[in-house]
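For reference, the chains in residue letters:
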Amino acid sequence: MIKHMTTPLTQSQALALQAGDQVLLSGVIYTARDAAHKRLLALIEKGEELPFDVKDQIIYYVGPTPAKPGHVFGSGGPTTSGRMDAYAKALMQLGLRGMIGKGYRQDHVKQAIMDYQSIYFGAIGGAGAYIGQCIQSCEVIAFEDLGPEAIRRLVVKDLPLTVVIDCYGHDLYEMGRSQYLKEHSHDNS
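Calculation criteria
- Residues numbered from 1 in each chain as written.
- Predicted model: local features only at pLDDT ≥ 70, side-chain atom pairs only at ≥ 80, totals over all residues.
- Heavy atoms only, no water.
- 1 Å grid on protein atoms, 1.4 Å probe; cavity = no way out; pocket = protein on both sides within 12 Å on 5 of 7 lines; lining within 4 Å.
- Points joined across faces, edges and corners; volume = space filled by probe spheres on them.
- Nonpolar A, V, L, I, M, F, W, Y, C, P; charged D, E, K, R; others polar.
- Phe/Tyr/Trp six-rings, centres within 6.5 Å; stacked < 30°, edge-to-face > 60°.
- Helix = DSSP H or I, 4+ residues; strand = E, 2+ residues; numbered from the N terminus.
- Lys NZ or Arg CZ within 6 Å of the ring centre and 35° of its normal.
- Salt bridge = Lys/Arg side-chain N within 4 Å of Asp/Glu carboxyl O.
- Buried < 20%, exposed > 50% of the residue type's maximum accessible area, 1.4 Å probe, protein only.
- Contact = heavy atoms within 4.5 Å.

### Considering the layout of surface pockets
Remark: the empty space left among the atoms is shown by a probe the size of a water molecule rolled over them. In this structure, the largest pocket spans a volume of roughly 170 Å³. The residue inventory of the lining of the largest pocket, partitioned by class, reads two nonpolar, six polar and one charged.

### So, the packing of aromatic side chains
By the definition in use, this model includes two aromatic pairs. Between the aromatic rings of Tyr 30 and Phe 52, the centroid separation amounts to 3.9 Å while the plane-to-plane angle is 10°, which identifies the pairing as stacked. Pair noted here: Tyr 30 is in strand 2 (residues 22-31) and Phe 52 is in the loop between helix 2 (34-46) and strand 3 (58-60), with a separation of 22 residues, a long-range link. The interplanar angle of 55° and the centroid separation of 4.9 Å between the aromatic rings of Tyr 104 and Tyr 173 together place this pair among those described as tilted. Of this pair, Tyr 104 sits in the loop between strand 4 (98-101) and helix 4 (107-115) while Tyr 173 sits in helix 6 (residues 172-184), and the two are 69 residues apart along the sequence. Of note, Arg 105 hangs over the ring of Tyr 120, and the distance from its end group to the ring centre comes to 4.9 Å.

### Examining the pattern of salt bridges
The tally for this structure, following the rule as stated, stands at 11 salt bridges. Residues Arg 33 and Glu 149 are paired through a salt bridge, measuring 3.6 Å at the closest nitrogen-oxygen approach. Residue Arg 33 is found in the loop between strand 2 and helix 2, and its partner Glu 149 is found in the loop between strand 6 (135-142) and strand 7 (151-165); the two are separated by 116 residues along the sequence. Arg 33 sits in the buried class, given a relative accessible area of 17%. The residue Asp 34 makes a salt bridge to Arg 83 at a minimum N-O spacing of 2.8 Å. Taken together, the residues span a long stretch of sequence, with Asp 34 in helix 2 and Arg 83 in the loop between strand 3 and helix 3 (85-93) at a distance of 49 residues. When salt bridges with common partners are traced through the structure, they connect Arg 33, Asp 34, Arg 83 and Glu 149 into a single cluster.

### Concerning the environment of Ile 131
Turning to its location among the elements, Ile 131 is positioned in helix 5 (residues 128-133). You can call Ile 131 buried: its relative accessible area is 2%. Put simply, Ile 131 and Val 156 are 25 residues apart on the chain and 9.3 Å apart in space, counted from C-alpha to C-alpha. In this structure Ile 131 touches Tyr 60, Gly 76, Gly 77, Pro 78, Ala 123, Ile 124 and Leu 159, once residues within four positions along its chain are discounted.

In C-alpha cells:
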C-alpha cells in the first residue's frame, strides 16, 4: 500500500512509517548536498540562524542539472547519502525530520535517526528526469554561489520514495539482505 503524505513531516507521521513503506510525498522540501551541509554546520557552530527552519522539514540530497526551457527543475536524482553523514546529527538535533538520498548510512546516523525520531527515505537512483517531473516549483534560498549545490526550496507533488531507515532503527537494506540470505541459504548446501 502506498502512503500519501504532505509536509511538514511531523513526529507522529514519522512514528507511523516503517522501513519498506512506499510513500508519495507532496509539499515543501529543501535541497542540500555536501558543500551546503558544511556551511549549515558552520552556522550551527557559530550559533547563527539557518536559511530555513529545519524543524519537521525534509532535506533532499540532490544537485539538479539546469532546468530545460519550460521546466522548473532539471534532472534531480539522489546523491549518495553517506557524504552527508558527518552533518546529519546536528540537523536532526534541531528538528530535521527527514532526509532523502540513496545508499547506506553510518551507524551513528542510524542512532541519531532513532534518537530524534527522523526518517531516511530512499529515492530511485537513475530516475532523475522522472523525479524532476514531480517538482512544481523551485527557488534558490541560500548559497547561490554553490550553483547546483545551492539550497533550494522545492514544492513537490507525489514524489515517489521508500522508507529505508525508520525511527525504530529498522534498515531496509539490512532487512533485504537478511531475507535474501535466508531464502537462498539452501543454495549453498
